[in-house]
Each structure stands twice: as C-alpha cells, then as structure tokens.
Amino acid sequence: MGNMTKEMYEQRMEQEKAKREIVKSDPNRLRFHLQPPVGWLNDPNGLCQVDGVYHIYYQYSPFEPLGGTKLWGHYTTKDFVHFKDHEPFLYADWRYDERGVYSGSAFVEDGMIHFFYTGNVKLFDRDDYDYCNNGREQNTIHMTSKDGFSHTEKELVMTNSDYPADMSTHVRDPKIFKKDGAYYMVLGARDVDSHGLLLMYRSTDLKDWTLFDRLTMPDFGYMWECPDLFELDGELFLVFSPQGLEAKGWDNRNVYQTGYCRLDYDFDTKEYAFSLFQELDRGFDYYAPQSFLDEQGRRIQFGWMGMGDAPYTNAPTIERGWQHALTLPRELRAKDGHLYQTPIVEIEQLRQEKYESSIADFADPGFGKSYEMIVTFAQSAPFSITVDDEATLAYDGSVLRLMMNEGGYGRDERGIEIDAVKNIRLFKDTSSLEIFVNDGWTVFSSRVYSTGEPSVRIEAQGEGTVTMYALDSIEMENA
Ligand code: FRU
C-alpha cells in the first residue's frame, strides 16, 4: 500500500524521461547548489557522514514542481565538489507514511545510522476535514542503515495516540540529541489551541521513548517545525522554524521564520529559559534547516533555499518542471551565544580566476553568472552592491537591506538593523544569492532570476577592498 512506491516511481520516471532533459536545459539551473533532478525539493533531511561519505537526503516530489507526495531524494559526496545523485532513499510505500515520508534526521552511533522521520497519513481523501484535529496521522518512524543506501524495515515508534492528548494532528520532524548517555528526541508540534511547542522524548536504547518534557514560549506562533537541538561552544541551541509570528519592523517578514534561541535547560529539574529568538537568515528564501556533526567535529547546516506556502508561485523554473534548492553547506560556530554561519571551507575548491581591486577602482571583471565576491570595508559607511540590475544590497549606516527588482518576481525588500558593516561575502549562482555579513553574523539567502546580461556594481562612501573569484560548478554523477 502506498501513494508512491519504488515501482510506481520507476515507472513514472521512465514515462517522463523527457522532463529531465527539459530541466537540464533550464538557464536558471544552479551550478554549485543542490537542486532536485526534476520536480520539487524542500527540507534537507537525514544529514550525516559515515565512512567519509556525506549523505544529503531531502524532501522530494519528483513529478510535481509545486510539491506533492514527498519521498526522500538522496545525494552523496566525499568532498562537496563531486556529488552523486542516487535513487530515492525512502518511498511513501507503507500504511504509516502513504501520504509522504516527511522530514526527519539521522543519528549515527557505533557505525550504525538511525533514521527517524515523520510518516504522513491523510485519513480522508478530501480536504474538508478539520485540518488540525482529525483526518491526519503523523507517525514517528525508525529504521537503521549501515551504509546510507539500504535500510532495515520501517518500524512505527509513535502515532497520534502516543502524543499528549492536547496535541493537534501536527507533530513532526524528529531530531535526536544525546546527553549523558541518554537520547532525547525533539519533535515540533501544534497543540489543540494552536500554540507551537517542542515535545521532548527520552530513551536509553533508541527504541522505547517516553515523554520527558514539553517546552514553549508565550505567544510564539501556532506551530514549530523542524526543531534541531544541539550543543555548541558549551551551550545548548534550539534552531527551529516557527509559523505564525507577527512581523515587527524588519523582523519576521517572511511567511514563516527560521531562527534559534539559546536554551538554558536543567535536565534534572527540567527548569528552562529561552534566550531571545534570533532569525538565522534575512533573505526571502530560507527555511527548515538541519545540522549534523561531521567526522571532523564540524557542525554543518543546510537549509532549504525556499519558503513554505510562499505566495509566489510564478518562479520561472516551474514551467521547466522543477523548483527550489538547498543553501550552500554552512559551518555553524557559536560566540557569545550568537550563531555565526560561514560556507564550509570545501567551497573554496570551486574558485577559479581571481580579481582584486580597491572599492574605488572596482570594475566588473565579467565573471558571468557564478562567482564569489568579498568586500572588506576600511570603515563602516553607506554602500550599495547591485547584481544584474535585479538585486541591491544597500546600507545606509543603520539598516542593511536587500531589495529586488523584476528578478525577485514580486518580492520587495528585507533588512536588518546593524551598527557597522565590516565585510560582505557574496555568493552569486545562476539564480541565487547568498550574502554573508560580518563574518557570518547574519546572512541573506534568496533566489533571483535575472534575464539580462550579468553585471555587478559597487558604490561606497568609504574605502575598502574587493576580491572576486569566478566559481566552477560542482560535478554531479548519476549513480
Ligand atoms: C517544513 C515541512 C516539515 C514537514 C515537511 C513536509 O518545510 O513542512 O514540517 O515534515 O516540510 O514536506
């Protein structure tokens, strides 16, 4: 039973082979970002590294560029330059996940990968049920794998009746955190009164889970998606994607937000306090990130360079049969309770031709559609950087904003108050921009669909230097 079994997928892929070719020929295809081979992509899932191989799974609807039943697509890499595109890892082929293998994560221990994900089930084949309180199962499912390619049978760990009685039917996106020999599973949830919260389960064997705690903040959205709890620099951080926050000034301007709080948590008394929520990214397209610890001990995070339920269904890639991408992989570091994000160092392997100048003497070297641009300011002063006459990053001495023209297909501007801008590291890919500000203190990630000649301009009242690199494509092999 299931909505998209492996056989159904293979048959349909065969029938729709031509679609893949149309996707490949799209001038908006990205060169150094992960994107769906065809169809739709959303959250990164199951991120892990085993035996030197990084596994990057993702929410994947191969036949619907606007999203449909979700599978787990699968990429691997050893060096973040050479990638392999594998057949989907998980199909919606079971009674407990027949309407989608939703987001989940990997926990690696003693050479074994434990996957936990949400099996989505819709009990009525119609939409007129009460969206929150019946008609849907969100099952927590577990299986293991040694190599990330084949897996044991799916086992049901928890279903609706195992969650607290006051939960709505929205409970999902399990992530595992280990502390003092015990395992904690965090799940994002919405209660029957539409308050977002975090459910925390505890286990000593990764099999039997008991409810340990529930954590929330007053007036903080109706649903918390994709929680990620981890320790960094001796502190506990909760990264999550809350839905239902009110926009205030430059904050919370997207449909949904993604950010983090430091969490002071006493595992004995269960007393806790969240620090102020900080958005991780100020661009238009950033949601549902997930992090993992790699074999070198780095905390690496990928986000979805897209936005759930965004009212922009006119992205030009849709008519070519695909939509969305993952962000560059970012290393997270904590300093004074703040999370800094920088592209992992492997990305530097893509650097080709180099250009250097002062800001005053800057002349566009014509690196085309994919490059890295590093601007270091001698003193903080107003400036603007304009890419393809479509996207402008402008600082007026107090607010740094990203403004879009036509290539933003309907999006206007986003911003952040910032006392001083010291440096900018901008990654331009064919149809995306990621701008790291002040050594990764904040980031703007957005898709931008330019149609004219590629160009880049900088105007600045202060002095500084510009370094640019043309960037090569990553290599993708069909496995
Ligand atoms: C976040 C999300 C998750 C869910 C998945 C379904 O974008 O809504 O909460 O598991 O996407 O694709």
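Note that the structure is a prediction, hence the values are computed from the model and not measured.

Colleague: What is the right way to read the domain arrangement of the protein from this model?
Modeller: Interface size is commonly expressed as the accessible surface area that is lost when the partners come together. Under the domain assignment, the protein is made up of domain 1 (6–343) and domain 2 (348–478). Measuring from the centre of the C-alpha atoms in domain 1 to the corresponding centre in domain 2 gives 28 Å. With 45 residues of domain 1 at the contact, the number on the domain 2 side is 45 residues. A buried area of about 4,200 Å², summed over both sides, lies between domain 1 and domain 2, and 56% of it is on carbon and sulfur atoms. In this structure, the connection of domain 1 to domain 2 is made through two salt bridges. Counting every contact that joins domain 1 to domain 2 gives 27 residue pairs in polar contact (both at pLDDT 80 or more). Sorting the residues of the side of domain 1 that touches domain 2 by element identifies β4 (82–90) and β22 (338–343) as the ones contributing at least two each. The element that contributes the greatest number of residues to the side of domain 1 that touches domain 2 is β22, accounting for six residues.

Colleague: Would you mind showing me how to read the packing of aromatic side chains here?
Modeller: The geometry of an aromatic ring pair comes down to the distance between the two centres and the angle between the two planes. On inspection of all chains with the given rule, the structure shows 38 aromatic pairs. Between Tyr 57 and Trp 72, the aromatic rings sit 5.5 Å apart at their centres with planes inclined by 40°, giving tilted as the arrangement. Residue Tyr 57 is found in strand β2 (residues 53–61), and its partner Trp 72 is found in strand β3 (residues 71–77); the two are separated by 15 residues along the sequence. Residue classification places Trp 72 among the buried positions, given a relative accessible area of 0%. Measuring from centroid to centroid gives 4.7 Å for Tyr 57 and Phe 89, while their planes differ by 40°, and the two rings are tilted. Remark: Phe 89 occurs in strand β4 and Tyr 57 occurs in strand β2; sequence separation between them is 32 residues.

Colleague: How should the nonpolar core be read in this particular structure?
Modeller: Nonpolar side chains in soluble globular proteins tend to be buried together. Counting 57 residues, the largest nonpolar core has Leu 34, Ile 56, Trp 72 and Phe 115 as its most contacted members. When residues of this core are assigned to domains, at least three fall in each of domain 1 (6–343) and domain 2 (348–478). Ile 56 has contacts with Leu 34, Asn 45, Leu 47, Gly 73, His 74, Tyr 75, Thr 77, Phe 80, Phe 83, Phe 302 and Leu 326, leaving out every residue within four places of it along the chain.

Parameters at a glance
Residues numbered from 1 in each chain as written. Predicted model: local features only at pLDDT ≥ 70, side-chain atom pairs only at ≥ 80, totals over all residues. Heavy atoms only, no water. Domains from an automatic or database assignment. Contact = heavy atoms within 4.5 Å. Buried area = accessible area lost by both parts, 1.4 Å probe. Salt bridge = Lys/Arg side-chain N within 4 Å of Asp/Glu carboxyl O. Polar contact = N/O pair within 3.5 Å; in protein donor to acceptor, adjacent residues only side chain to side chain. Helix = DSSP H or I, 4+ residues; strand = E, 2+ residues; numbered from the N terminus. Phe/Tyr/Trp six-rings, centres within 6.5 Å; stacked < 30°, edge-to-face > 60°. Buried < 20%, exposed > 50% of the residue type's maximum accessible area, 1.4 Å probe, protein only. Core = buried A, V, L, I, M, F, W, Y, C linked by side-chain atoms within 4.5 Å.

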